[in-house]
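Residue-level structure breakdown
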Amino acid sequence: MSIRVAVADDQELVRSGFSMILEAQPDIEVVAEAGDGAEAVAAVRLHAPDVILLDIRMPGMDGIEAARQVCAQSSCRVVMLTTFDLDEYVYEALYAGASGFLLKDVRRDDLVHAVRVVAAGDSLLAPSVTRRLVADVVRRRRTESGAPAVSPAERLAVLTAREEETLRLLARGLSNAEIAASFVVSEHTVKTHVSNVLSKLALRDRVQAVICAYETGLVVPGG
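Structural notes, computed from the coordinates.

Reading guide: rules and limits
Residues numbered from 1 in each chain as written. Predicted model: local features only at pLDDT ≥ 70, side-chain atom pairs only at ≥ 80, totals over all residues. Heavy atoms only, no water. Pairing = 2+ DSSP bridges. Helix = DSSP H or I, 4+ residues; strand = E, 2+ residues; numbered from the N terminus. Axes fitted to C-alpha atoms, helices over the stretch in contact; angles between N-to-C directions. Contact = heavy atoms within 4.5 Å. Buried < 20%, exposed > 50% of the residue type's maximum accessible area, 1.4 Å probe, protein only. Core = buried A, V, L, I, M, F, W, Y, C linked by side-chain atoms within 4.5 Å.

1. Quick notes on the sheet that holds strand S5 (residues 100–103)
- The strand order S2-S1-S3-S4-S5 describes an open sheet built from five strands, whose pairing is parallel. Each edge of the open sheet is held by one strand with a lone partner, namely strand S2 (28–34) and S5. Averaged over all pairs of adjacent strands, the angle between their axes in this sheet comes to 25 degrees, without regard to strand direction.
- Alignment of strand S4 (residues 77–82) against S5, held across four bridges, turns out to be parallel. Bridged to Leu81 within S5 is Leu102.
- The strands touched by helix H2 (residues 37–47) are strand S1 (3–8), S2 and strand S3 (51–55); relative to S2, the strand with the most contacts, the crossing angle is about 140 degrees.
- Where helix H5 (residues 108–119) meets the sheet, its contacts fall on S1, S2, S3, S4 and S5, and the angle it forms with S3 comes to roughly 125 degrees.

As structure tokens, then:
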């Protein structure tokens, strides 16, 4: 079964270039292209892609708002496209529900790999990058709002002790294999724990799980 992909970017050359690369893959089908955020949201509603590549900066509705709407209205995975790896909007994209981001000058093989990874339900960012981004944005938000972090006892009460520890290790960047070794259990068991964490906390993927761990204070920046 093919991975259904939509590509949204206000630059036609970028859209067509990405689409050509992806269409050349036997397991990927580009079902829609869009030139702005509103078109992207409409394309997701109409074509129900598994993954959408979404430019952060577009005229009219930008990629951040489009990502919010796509993530709120569908199960489509969002990958943000940006020119700068530390684009300030990347932070907002993660909170909007994006599963990661790609630079527009990404290599062909990396683009294809990214689509497959996200379609499989994994986050696109490397653990170290995810932790840096999330820790930084949580620090910023706490400084700006002055509000304390939500108590783990309040937010995480639905988790078992093992599930809470799984979330803690996810936020520290451990892979399923590393968590399995720590728990002395199979990777299949860890996948079940991760699935339970995401389901119980209504999180889309591992990126959102990392954000939750920092926001609740379960893991602290630099800790």
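Now that the structure has been shown, the text picks up again.
2. Some details on unusual backbone geometry
- Residue Val184 is not a glycine yet carries a positive backbone phi of 60 degrees.
- Locating Val184 in the fold gives a position in the loop between helix H9 (176–183) and helix H10 (187–200).
- One non-glycine residue with positive phi stands out, namely Ala202, at about 55 degrees.
- Classification of Ala202 as exposed rests on a relative accessible area of 69%.

3. Notes on the environment of Met58
- As for its placement among the helices and strands, Met58 is situated in the loop between S3 and helix H3 (63–73).
- Given a relative accessible area of 8%, Met58 falls into the buried group.
- Along the backbone, Met58 and Gly35 are 23 residues apart, and their C-alpha atoms lie at a distance of 7.8 Å.

4. Digging into the side chain of His193
- Residue placement: His193 occurs in helix H10.
- Contact partners of His193, with chain neighbours within four places excluded, come to Arg162, Glu163, Thr166 and Phe183.

5. So, the pairing of S3
- Burial runs high along S3: five of the five residues are buried.
- Burial along S3 is two-sided: the residues Val51, Leu53 and Asp55 and Ile52 and Leu54 are all buried.
- Pairing of S1 with S3, which is carried by four bridges, proceeds in the parallel orientation. When the sheet's bridge partners are listed, Ala8 is paired in S3 with Leu54.
- Relative to S4, S3 runs parallel, the two being bridged by five bridges. Bridge pairing links Val51 to Arg77 in S4.

6. As for the nonpolar core
- Core analysis: the biggest nonpolar cluster contains 26 residues, and Ile52, Leu54, Val70, Val78 and Met80 have the highest contact counts within it.
- Contributions of two or more residues to this core are made by S1, S2, H2, S3, H3, S4 and helix H4 (88–96).
- Counting residues per element, this core draws most heavily on H3, which supplies five residues.
- Beyond its immediate sequence surroundings of up to four residues, Leu54 is in contact with Ala8, Ala40, Gly63, Ala66, Ala67, Val78, Val79, Met80 and Leu81.
- In terms of nonpolar packing, the next biggest core, distinct from the first, is built from 22 residues, Val194, Leu198, Leu203 and Cys212 among them.

Such coordinate-based values are descriptive only and should not be taken to indicate function.
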